[in-house]
Amino acid sequence: MTENNLTMMTYINEEQPILSSILRDYHINTKPIKGKEWLILATGSSLNAAYSAKYYIESICDVYISIEEPFKFEYYEKLRPTIDVVIGVSQSGESTSTIEALKHIRINDNTVHLMALTNNINSEITEVVDEVIDLQSGEEKIGYVTKGFSVTILRLMLLGLKTAAVTNTISVEKENKELLEFSNAIDKISDIINKTEIFFNAWKSELIKASRYTALCCGSAIGTALEMQTKFSETVRVPSQGMDIEVFMHGPYFEINKNHQLFYIETNSPVNDRLLRLKEYEKNYVENYFTITLNKSTNNRTIGLDLSVDEFKAPLFTIIPFQILAHHIAEELGNNLPKRIFTDFGIAMQSKTKPGSYI
Ligand SMILES: N[C@@H]1[C@@H](O)[C@H](O)[C@@H](COP(=O)(O)O)O[C@@H]1O
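All figures in this text were calculated on a predicted structure; none of them were measured in a lab. (Residues numbered from 1 in each chain as written. Predicted model: local features only at pLDDT ≥ 70, side-chain atom pairs only at ≥ 80, totals over all residues. Heavy atoms only, no water.)

Caption draft 1: Geometry of helix α6 (residues 96-108). The terminal C-alpha atoms of α6, which comprises 13 residues, lie 18 Å apart, in line with the 18 Å expected from a rise of 1.5 Å per residue. Listed as buried for α6 are T96, S97, T98, I99, A101, L102 and I105. On its buried side, α6 packs onto β1 (37-42), α5 (70-76), β3 (85-90) and β4 (113-118). (Helix = DSSP H or I, 4+ residues; strand = E, 2+ residues; numbered from the N terminus. Expected span 1.5 Å × (residues − 1). Buried < 20%, exposed > 50% of the residue type's maximum accessible area, 1.4 Å probe, protein only. Contact = heavy atoms within 4.5 Å.)

Caption draft 2: Expanded view of the packing of aromatic side chains. For the structure on display, the rule yields 11 aromatic pairs. Pairing F263 with F322 gives two aromatic rings, centres 5.4 Å apart and planes at 80°, and the pair type is edge-to-face. Here F263 is found in strand β8 (residues 260-266), whereas its partner F322 is found in helix α13 (residues 315-332), with 59 residues between them in sequence. For the residue pair F263 and F322, the accessibility class agrees, reading buried in each case. Taken together, F199, W203, Y213, F232, F263, F290 and F322 form an aromatic cluster joined through their ring pairs. Geometry around Y289 places R301 over its ring, the cationic atom sitting 4.8 Å from the centre. It is K313 that lies over the ring of F182; its NZ or CZ is 5.6 Å from the centre. (Phe/Tyr/Trp six-rings, centres within 6.5 Å; stacked < 30°, edge-to-face > 60°. Lys NZ or Arg CZ within 6 Å of the ring centre and 35° of its normal.)

Caption draft 3: Up close: the UniProt feature "domain: SIS" (unreviewed entry) in the protein chain. Residues given the UniProt feature "domain: SIS" (unreviewed entry) here are residues 28-175. Structurally, residues 28-175 comprises 42% helix and 18% strand, and the distance from its first C-alpha atom to its last is 15 Å. (UniProt positions renumbered as here; feature names shortened; annotations may be inferred.)

Caption draft 4: Just the nonpolar core, in detail. Membership of the largest hydrophobic core comes to 89 residues, with the highest contact counts inside it found for I87, L158, L207, Y213, F232, F317 and F322. For this core, the element with the highest residue contribution is helix α7 (residues 147-166), accounting for 11 residues. The two domains that each donate at least three residues to this core are domain 1 (3-186) and domain 2 (189-332). Residues contacting F322, with those up to four places away along its chain left out, are A215, T224, M228, F232, F263, I265 and I292. In terms of nonpolar packing, the next biggest core, distinct from the first, is built from 15 residues, L39, V86, L102 and L114 among them. (Core = buried A, V, L, I, M, F, W, Y, C linked by side-chain atoms within 4.5 Å. Domains from an automatic or database assignment.)

Caption draft 5: Fine view of the domain arrangement of the protein chain. The domain architecture assigned to the protein chain consists of domain 1 (3-186) and domain 2 (189-332). On a C-alpha basis, the centroid separation for the pair domain 1 and domain 2 is 25 Å. Listed per partner, the contact involves 28 residues of domain 1 and 31 residues of domain 2. Carbon and sulfur atoms supply 67% of the area buried between domain 1 and domain 2, which totals about 2,500 Å² over both sides. Among the residues domain 1 hides against domain 2, the three largest losses belong to M9, Y144 and A185. Together they make up 20% of the total. Put simply, domain 1 and domain 2 have 2 salt bridges between them. The residue E181 makes a salt bridge to K313 at a minimum N-O spacing of 2.7 Å. Residues belonging to the side of domain 1 that touches domain 2 are distributed by class as follows: 16 nonpolar, 9 polar and 3 charged. (Buried area = accessible area lost by both parts, 1.4 Å probe. Salt bridge = Lys/Arg side-chain N within 4 Å of Asp/Glu carboxyl O. Nonpolar A, V, L, I, M, F, W, Y, C, P; charged D, E, K, R; others polar.)

Caption draft 6: Representation of the sheet that holds strand β7 (residues 240-244) within the structure. Strand order in the open sheet formed by 5 strands is β7-β6-β8-β9-β10, and the pairing between neighbours is parallel. The sheet is open, and its two borders are formed by β7 and β10 (302-304), each paired with just one other strand. Averaged over neighbouring strand pairs, the angle between their axes works out to 15° when direction is ignored. One ladder, built from 3 bridges, connects strand β9 (residues 288-293) with β10; its direction is parallel. Looking at β10, one finds that I292 is bridged to I303. Of the strands in this sheet, β6 (212-217), β7 and β8 touch helix α10 (residues 222-235), which is tilted by about 175° from β7. Across the sheet, α13 touches β6, β8, β9 and β10, and the angle it forms with β8 is around 155°. (Pairing = 2+ DSSP bridges. Axes fitted to C-alpha atoms, helices over the stretch in contact; angles between N-to-C directions.)

This is the structure we're talking about:
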């Protein structure tokens, strides 16, 4: 494939094989994380990936995870003395705020273990940490990451699984059961892609009309809602937001009008009933609302992933329909995604160490 033909779909289609291969290499490639209190620093999609993995790791492993925006952390937060390890997650390894926050921590604390999780082991982030974990997600030349996002989530989840196994928090049987569940669900990613394509074709003419897109979730799916906001903002470029239903209920619901489109993310959370009640209420005020559920679909407004995974693994999969919809809606709206825009932004604002190498 020539560079001119690369699209987000190229990389979305690579998710299933790369996630399968990472899972296959789990026993060789995944080392446990030392310590009970982890602080993750990341920005953009990497931050959303951290939120996507946090609740799985905490559910399987006896650790506590805090997640912070690095810039805010550097200038306004204090490093808690109980933090054992700080993990800077940066797919490019070139986000200056993550690098600077790690440097700042090192200057003020000589004992905390600093790690980088990155797809570029020659990048600047690797020079400021004690240990580097290679994401190994392969090349991604469209800067609006999809494959790298999914790989980051799986890598983080597997670090949690390995840590749980090595510390005897879970049995070998449980570890194998978890690996099998991941594997079975990853094998169904091509079905998720097909179902989303059918959904998009059925709803295309409506989907492109929204004046605002809102993704609503409960608890452990927050990483999906946040990444929907990031991905739609970057690509569809129409106001987009993603949040927990409890946040929505305390302000944002006032702005709803019929031109908004709502996406509900259903992951069989214990508070799912509240999400269903909200959907029932809001359907009187918007023309278009859709659901992405872990279960089977019961109507044509719903993409049913039909996966046997718990709500904690769900974010690895619930994001995929949004990645595909972002690509297709952006294309329908005439946004030429391979053509880079604001190419001078990263350097002007010093948000990146160098201009992105993606097309
Ligand atoms: N627009 C990009 C985002 O798409 C990306 O997620 C973020 C973090 O990048 P990285 O994970 O390489 O640190 O940087 C930029 O802001």
